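Structural description and commentary
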Amino acid sequence: MSKKSDENPRIGVFICHCGSNIGGLIDCKKLAEYSGTLPEVVYSEDNVYTCSETGLNAIKKAIKDYNLNRVVVASCTPRTHEPLFRECIAEVGLNEYLFNFVNIRDQCTWVHMKDAEGAYKKARDLVKMGAARAAKLEPLDKVSVQIQPVALIIGGGVAGMSAALNLNNQGYETHLIEKEDQLGGRLTSLHTLFPSNIDASELLANFVNKIQLAKNLTIYISAKLRKIDGFVGNYSVEIDKAGEIIKLMVGIIIVAVGASLFIPKHMLGYDGKKRITQQELEVILKNNDLNTNNIVMIQCVGARNEERSYCSSVCCMTALKNAIFISNKNPGAHITILFRDLYTPGTKYEAMYRKARELGILFIRYTEKKELKVEENEVRVFNEYLGEEIIVPYDLLVLSTPLIANEDNKALARLLKVPLESNDFFLEAHVKLRPNDFATDGIFIGGAAKWPVDITEAITQGYAAASRASTILSHDVIEVEGTTSYLPEWNKNLCSGCEVCIKVCPYKAIIKNEHDEIEIIQALCKGCGVCGATCSKQAIEIKHFTNEQILSEIYACGGRDVY
Amino acid sequence: MSFEPRILGFLCNWCSYAGADLAGVSRIQYPPNMRVIRVMCSGRVDPQFIFEALQQGLDGVYVMGCHIGDCHYLEGNHEAIKKFNMVIKFLSIVNLENRVRLDWVSASEGVRFSELVSEFIQDIKNIGPSPLRRDCPDKRLMEKLKAIERAAASDRIRALVGRERKITEQENVYGEKVSQEIYDELLNTAIHDEYIRSRILILLEKEPKSVKDIAAEIEIDPNKVLENILVLKGRAQVDMSEIVDITPIYVRT
């Protein structure tokens, strides 16, 4: 339990230039000098990169040299860099909660680029508020949590199977749920795989074989997540397996639900027979049923438009793969690919494009402005290079449509309390720093659930998510945030027993104990602070977000002495 | 020089703060008038914070949380709405209700964040500077706002708002469900009463006064003042100190 520290605050403020991201717009030196004039700030400096080795060493040195007991860093965002700086000050013996972050990049210089003066003033106020809060910070202890060494993977596609096998190989009890009646996900509908041309069914059989041989790996098909409670290391989940309810305790959860294919209903004459999707073509190829000579493929159907602005990333390669396959099998076939832009990144994919050109596959560029006209037996396309409309005859028209977010993503996101991005794909904690984590501890993501990926990438991400998950599963006990709510000893006499806190707590973390006193169960509390804001006597405190701390920021922002 | 509003924003860590960061990562530009305080949940924003911010002379206060249904803490934003409604009701007494706003921004809505903030800044520009701004605050208004803050912090109001969802959406301890209309009436009455009582208490804290003097100062019917004085007496918050001629003088206990 924390107690009011009686030492006087000695604050150090570090202003980060972030290269030119911050320093390019505002005068960081001046800001550091200003910081030095703030109450209880005994040291301030500016650094080119405070998060670099040099910057971190500067913080450590200043803590020792100036006997600092609070540290403020003004730089990017706490959502990515707070853990780093906390760790830094902890290394030299300061309690990590005696650190305060001020966001002057993501929420200042990056968004006020045309108003350097306004940005400086804002940064100055934010630093002032940050230092005021820092002065009120209290050291806290983290809460220890036991870890159930059990993994739950949602989604039995290639990413989910990769993650499950990986964790299982590391020795963890693993459970995998798949909503369809068989494993494989999108792999089940594919014919061959680029760039190696191996059979999709071969890869799938390989996976399924390993899964069947694995011990301690349980598969639930036709199953969905029904309910989830708990926190990192201790999620209690309920699985609905075709009506049968299965209860599990798991330590981590990996979301690998993949994506769905966009069906181009009412677009470009799509009928599923003569005008089909690439996926339907794969089925034809799989069954060795193709008997047409004139094939036209249209790329970006329903993609990279206003409704779906993203690139689905797999369609160019799918078209190339299928075109090459057909051409190899039937050298007399005429294949034309109508594309807007062709994306063939990396060494192997670009080679496939060259191969397709060598085989005589025709590539014609079209643009969104001059729409394609699909008629019964021909496509009219405005050729940008010739500057005129040309007619391409077809027997089979293949539409390359994007992968889209699953319809049930919303429901699952709500259940897991994790965010979706604007296309309803799952949103990771940070695109670069935490690409396979959710912001919620103990829940991870991999594969096409995040955005469309090919099989290779799905496998890689399945492994990545598993590897991230094992950083938790490999511990018996981990420490979680100590920023919970509590009823301080000195406020106990304030409590009138009205119990509104019990009513508003979403986690049932507040109870009335046998002494008829309010008791807050630390491990269950997630620190939202609603009880504190509701408490009819304002007796409940929220650690690290105390009324005193927040009010100090308000007063620093307002700049008027408190009446 | 044109008026540049000073605005304070309370952003929840999981959605709106992340949305604000995304605006940055995407380099979406908006005016720099808002200063942000990060809280874990919009439901953490104690009404007191808003009243204090306005007393600081800030021109506007923006509270932002996750969209309904997406709250990281399940239903913290539902609680935020209830608290915010109470704040609005109180601020309407002094015509400051249009200086505070509550909105939802998800972690992926960088554009929405910048648009909402720009809009709020513009709206506040149109309303003009706060009558409580630092250099020349309207003293009478400040007194009223202080009374509001105190009234909103009373057990009666806080417990009523804390129970709102329970009693309007579920049932009270007697197994009765209260309709939203009846609840609003209850809350309106409580707000009205507690506001007057707070004003009386603040006056009496300065010096003992008669009912007539109090009524003149806060510009309400003396009978109403007496009614409330009696309630406050019952709560042991005021007492009669002396009788001058035939007029009782009341004092804060």
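Residues numbered from 1 in each chain as written. Chains lettered and ligands numbered in written order. Predicted model: local features only at pLDDT ≥ 70, side-chain atom pairs only at ≥ 80, totals over all residues. Heavy atoms only, no water.

**Focus: the pattern of salt bridges**
In the structure shown here, the tally under the stated rule is 55 salt bridges over all chains. One salt bridge connects Lys61(A) with Asp65(A), and the closest N-O pair in it is separated by 2.7 Å. With a gap of four residues between them, Lys61(A) and Asp65(A) both fall in helix α2 (residues 53-65), about one helical turn apart. Three or more residues joined by partner-sharing salt bridges are found here, namely Glu82(A), Arg86(A), Glu96(A), Lys142(A) and Arg38(B). (Salt bridge = Lys/Arg side-chain N within 4 Å of Asp/Glu carboxyl O. Helix = DSSP H or I, 4+ residues; strand = E, 2+ residues; numbered from the N terminus.)

**So, the state of the cysteines**
Residue and element names in this part refer to chain A. What the rule picks out here adds up to one disulfide over all chains. There is no disulfide at Cys76, and the cysteine sulfur nearest it, in Cys18, is 6.3 Å away. Between Cys535, a free cysteine, and Cys498, which holds the nearest cysteine sulfur, the sulfur-to-sulfur gap is 6.3 Å. (Disulfide = S-S within 2.5 Å.)

**Observations concerning the pairing of strand β1 (residues 7-12) of chain B**
Residue and element names in this part refer to chain B. In terms of burial, β1 is largely enclosed, as six of its six residues are buried. Side chains of β1 alternate between two faces, with Ile7, Gly9 and Leu11 and Leu8, Phe10 and Cys12 buried alike. As defined by bridge partners, β1 adjoins strand β2 (residues 34-39) across six bridges and the pair is classed as parallel. Looking across to β2, one finds that Leu8 is bridged to Arg35. Here β1 runs beside strand β3 (residues 60-65); their pairing, made up of five bridges, is parallel. Residue pairing across strands places Leu11 opposite Met64, the latter belonging to β3. (Buried < 20%, exposed > 50% of the residue type's maximum accessible area, 1.4 Å probe, protein only. Pairing = 2+ DSSP bridges.)

**Overview of helix α9 (residues 315-329) of chain A**
Helical geometry note: an α-helix holds 3.6 residues per turn, so side chains three or four residues apart project in the same direction. All names here are of chain A. Taking 1.5 Å of rise per residue, the 15 residues of α9 would be expected to cover 21 Å, and the 21 Å separating its terminal C-alpha atoms lies within 8% of that figure. Of the positions making up α9, those classed as buried are Cys315, Cys316, Met317, Thr318, Ala319, Leu320, Lys321, Asn322, Ala323, Ile324, Ile326 and Ser327. Packed against the buried residues of α9 are β8 (192-193), α8 (278-286), β17 (294-298), β18 (334-339), α10 (346-358) and β19 (362-365). (Expected span 1.5 Å × (residues − 1). Contact = heavy atoms within 4.5 Å.)

**Some details on the domain arrangement of chain A**
Assigned domains within chain A: domain 1 (1-142), domain 2 (150-259 + 406-478), domain 3 (262-403) and domain 4 (484-542). Averaged C-alpha coordinates put domain 1 of chain A and domain 2 of chain A at centres separated by 38 Å. (Domains from an automatic or database assignment.)

**Focus on the packing of aromatic side chains**
Ring pairs (aromatic) are described by centroid distance and by the angle formed between their planes. Residue and element names in this part refer to chain A. For the structure on display, the rule yields 15 aromatic pairs over all chains. Between Phe85 and Phe99, the aromatic rings sit 5.6 Å apart at their centres with planes inclined by 25 degrees, giving stacked as the arrangement. Here Phe85, found in helix α3 (residues 78-91), pairs with Phe99, found in strand β4 (residues 99-103); they are 14 residues apart in sequence, far enough to count as distant. Using a relative accessible area of 1% as the deciding quantity, one classes Phe99 as buried. For the ring pair Phe339 and Phe363, a centre distance of 6.3 Å and an interplane angle of 70 degrees mean the geometry is edge-to-face. (Phe/Tyr/Trp six-rings, centres within 6.5 Å; stacked < 30°, edge-to-face > 60°.)

**A look at the interface of chain B and chain A**
The interface is formed by 64 residues belonging to chain B together with 62 residues belonging to chain A. Three residues stand out in chain B for area buried against chain A, namely Arg35(B), Arg44(B) and Gln56(B), and they jointly supply 13% of the buried area on that side. The tally of links from chain B across to chain A stands at four salt bridges. A salt bridge links Glu82(A) to Arg38(B); its shortest N-O distance comes to 3.6 Å. Where chain B packs against chain A, one counts 27 residue pairs in polar contact (both at pLDDT 80 or more). For the side of chain B that touches chain A, the leading source of residues is helix α1 (residues 16-25) of chain B, giving seven residues. Its residues assigned to classes, the side of chain B that touches chain A comprises 33 nonpolar, 13 polar and 18 charged. (Buried area = accessible area lost by both parts, 1.4 Å probe. Polar contact = N/O pair within 3.5 Å; in protein donor to acceptor, adjacent residues only side chain to side chain. Nonpolar A, V, L, I, M, F, W, Y, C, P; charged D, E, K, R; others polar.)

**Some remarks on the sheet that holds β19(A)**
All names here are of chain A. The five strands are arranged β16-β23-β17-β18-β19 in an open sheet whose pairing can be described as parallel. Since the sheet does not close on itself, it has two edges, and those belong to β16 (275-277) and β19, each with one partner. Across the sheet, the mean angle from the axis of one strand to that of its neighbour is 25 degrees, orientation sign disregarded. Inspection of the sheet shows β18 paired to β19 by four bridges, in the parallel sense. Looking at β19, one finds that Leu338 is bridged to Ile364. Lying over the sheet, α9 contacts β17, β18 and β19, oriented at roughly 170 degrees with respect to β18. (Axes fitted to C-alpha atoms, helices over the stretch in contact; angles between N-to-C directions.)

**Structural notes on the pairing of strand β6 (residues 238-244) of chain B**
Every regular strand shows the same layout, with side chains that alternate between the two sheet faces. Residue and element names in this part refer to chain B. Pairing between β6 and strand β7 (residues 247-252): six bridges, direction antiparallel. For Met240, the partnering residue across the bridge sits in β7 and is Tyr250. With antiparallel pairing between neighbouring strands as the criterion, β6 and β7 make up a hairpin whose turn holds two residues, including Asp245 at a positive phi of roughly 55 degrees.

**Some details on unusual backbone geometry**
All names here are of chain A. In the segment running from Phe194 into Pro195, the intervening peptide bond is cis, with an omega of -5 degrees. Looking at the secondary structure, you find Pro195 in the loop between β8 and β9 (198-199). Located in the positive-phi region is Asn197, a residue other than glycine, with phi close to 65 degrees. Within the fold, Asn197 resides in the loop between β8 and β9. Overall, Asn197 belongs to the partly exposed group, its relative accessible area being 42%. Its identity is not glycine, yet Asp424 carries a phi of approximately 75 degrees, on the positive side. Following the sequence through the fold, Asp424 ends up in the loop between α11 (409-416) and β25 (443-445). For Asp424, a relative accessible area of 25% puts it in the partly exposed group.

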